[in-house]
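Here is what each chain is made of, one letter per residue.
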There are 2 protein chains.
Amino acid sequence: MRFTTQAEYGLICTLHLARFGAAGPVAAREMAEKEDLPADYTEKILRRLRQAGIVTSVRGVSGGFELARDAREISVKDVVEATEGSTFEINCRQHPVGAERCDTTHDCSIRPVWYALRTKIDELLDQIRISDLLEGGEVGVTELIDITWQDHGDTNLTMER
Amino acid sequence: MRFTTQAEYGLICTLHLARFGAAGPVAAREMAEKEDLPADYTEKILRRLRQAGIVTSVRGVSGGFELARDAREISVKDVVEATEGSTFEINCRQHPVGAERCDTTHDCSIRPVWYALRTKIDELLDQIRISDLLEGGEVGVTELIDITWQDHGDTNLTMER
DNA sequence: CCGAATCTTGACTGATTCACTCCGGATTGA
DNA sequence: TCAATCCGGAGTGAATCAGTCAAGATTCGG
């Protein structure tokens, strides 16, 4: 199981706009060149990000793309869902293993595993914002996530231990 | 992102053996028929489970497959890794987005996200054992996982709250 | 108002993966 | 010996992936 290049490119583009987009819209071609990504494909990804409301586009000569909102308000989950369509797909619906077995009326002890997994994945990806990836580099982000995911919303937990 | 049918079939087969395998080895064809799975494909999956040491096989006329160890000692992660090869693949190695960018010497703030996600996924799938899926049905398993995943190994936490 | 730069949409394509099937063989019990 | 089973690997059609390409719409500078 893996994410396709679209999620990766989507994050790279969003991150690029968060870094360099303050001065005004960045052209897709320029972004692709700077990030060393295939130009036409980059345009396609940016289109998806726009359709999802993550970036806005300006047409015309000095047009390009900008973040639609603050980087703190854009999660990795937003970008992944925009580019891949979903974070973790439950097979029961789109790729059922036999119509009967995967019907919701049929009792299946495996199904809760996939739902739990999806919840877990979404929780993590939703916690991580584009702003978190902007500074601190790889080491900084690693430390940040380490803290974040031991938290689960109970802020006293770490201190009490 | 999703798991292929192999993970699903792998779980179904392992679960089948946990349920009905006590009396002796179950033939692949018989299992496929009872579980309504494609016969040849089922054999292939069982082969992978055997190669991973999850099941053992007995050849000859009344041969078949049995669990290699107690169902409590087999996690969903074991089965997924056996059938799919891995739980969550980090693209940086197998599907790098440009050799330079994904080189380990290059600082990449996105990489920690994928590593954190893999850790999360593995944690959950490792906690859930085949024995957990045997009884209680879909509702029972859902409740069990709900409890399990709020635990994170700190057993006092739930009580103290 | 023309043309260059840009975004927009959708069709198209080669490579890979998925979800199987098929076949020839090895092993074992009756 | 023979039938039932497992074993290993090759083969196959369909879907998905990772892009490309072409034709059009929009905007700005001159």
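Everything below is about the structure shown above.
Notes on the structure in this doc start here. Only a predicted model underlies this, so the values are computations on that prediction, with no experimental measurement involved. (Residues numbered from 1 in each chain as written. Chains lettered and ligands numbered in written order. Predicted model: local features only at pLDDT ≥ 70, side-chain atom pairs only at ≥ 80, totals over all residues. Heavy atoms only, no water.)

Comments concerning the protein's contact with DNA strand C
- Neighbouring DNA strand C are 27 residues, the closest being Glu-43 and Arg-47 of chain A together with Thr-4, Tyr-9 and Lys-44 of chain B.
- For DNA strand C, the fraction of protein-proximal atoms (within 4 Å) that sit in sugar or phosphate groups is 60%.
- Counting only elements with at least two residues in the surface near DNA strand C, the list comes to helix 3 (39-51), strand 1 (55-58) and strand 2 (64-67) of chain A together with helix 1 (5-20) and helix 3 (39-51) of chain B.
- For the surface near DNA strand C, the element with the highest residue contribution is helix 3 of chain A, accounting for 5 residues.
- When the residues that make up the surface near DNA strand C are grouped by side-chain class, the tally is 10 nonpolar, 8 polar and 9 charged. (Near = heavy atom within 4 Å. Helix = DSSP H or I, 4+ residues; strand = E, 2+ residues; numbered from the N terminus. Nonpolar A, V, L, I, M, F, W, Y, C, P; charged D, E, K, R; others polar.)

Quick word on the protein's contact with DNA strand D
- By nearness alone, 27 residues border DNA strand D, and Thr-4 and Tyr-9 of chain A together with Arg-47, Arg-50 and Ser-57 of chain B come closest of all.
- For DNA strand D, the backbone makes up 62% of the atoms found within 4 Å of the protein, where backbone means sugar plus phosphate.
- For DNA strand D, a base nitrogen lies 3.3 Å from a polar atom in the side chain of Arg-59 of chain A.
- At 3.3 Å, a side-chain N or O of Lys-44 of chain B approaches a base nitrogen of DNA strand D.
- Among the elements of the structure, helix 1 (5-20) and helix 3 of chain A together with helix 3, strand 1 (55-58) and strand 2 (64-67) of chain B are those that each provide at least two residues to the surface near DNA strand D.
- Residue contributions to the surface near DNA strand D peak at 5 residues, all from helix 3 of chain B. (Polar contact = N/O pair within 3.5 Å; in protein donor to acceptor, adjacent residues only side chain to side chain.)

A few points about the interface of chain A and chain B
- In this complex, chain A contributes 52 residues to the contact, which on the side of chain B involves 52 residues.
- A combined buried area of about 5000 Å² lies between chain A and chain B, and 63% of that area is made up of carbon and sulfur atoms.
- Three residues stand out in chain A for area buried against chain B, namely Met-1, Lys-120 and Glu-138 of chain A, and they jointly supply 16% of the buried area on that side.
- The tally of links between chain A and chain B comes to 4 salt bridges.
- Residue Arg-111 of chain A is joined to Glu-138 of chain B by a salt bridge in which the shortest nitrogen-to-oxygen separation is 2.9 Å.
- Summed over the shared surface of chain A and chain B, the result is 16 residue pairs in polar contact (both at pLDDT 80 or more).
- Where the side of chain A that touches chain B is concerned, the elements lending two or more residues are helix 1, helix 4 (76-84), helix 7 (111-127) and helix 8 (137-151) of chain A.
- Of all the elements, helix 7 of chain A adds the most residues to the side of chain A that touches chain B, at 12 residues.
- Here the residues of the side of chain A that touches chain B sort into 27 nonpolar, 11 polar and 14 charged. (Contact = heavy atoms within 4.5 Å. Buried area = accessible area lost by both parts, 1.4 Å probe. Salt bridge = Lys/Arg side-chain N within 4 Å of Asp/Glu carboxyl O.)

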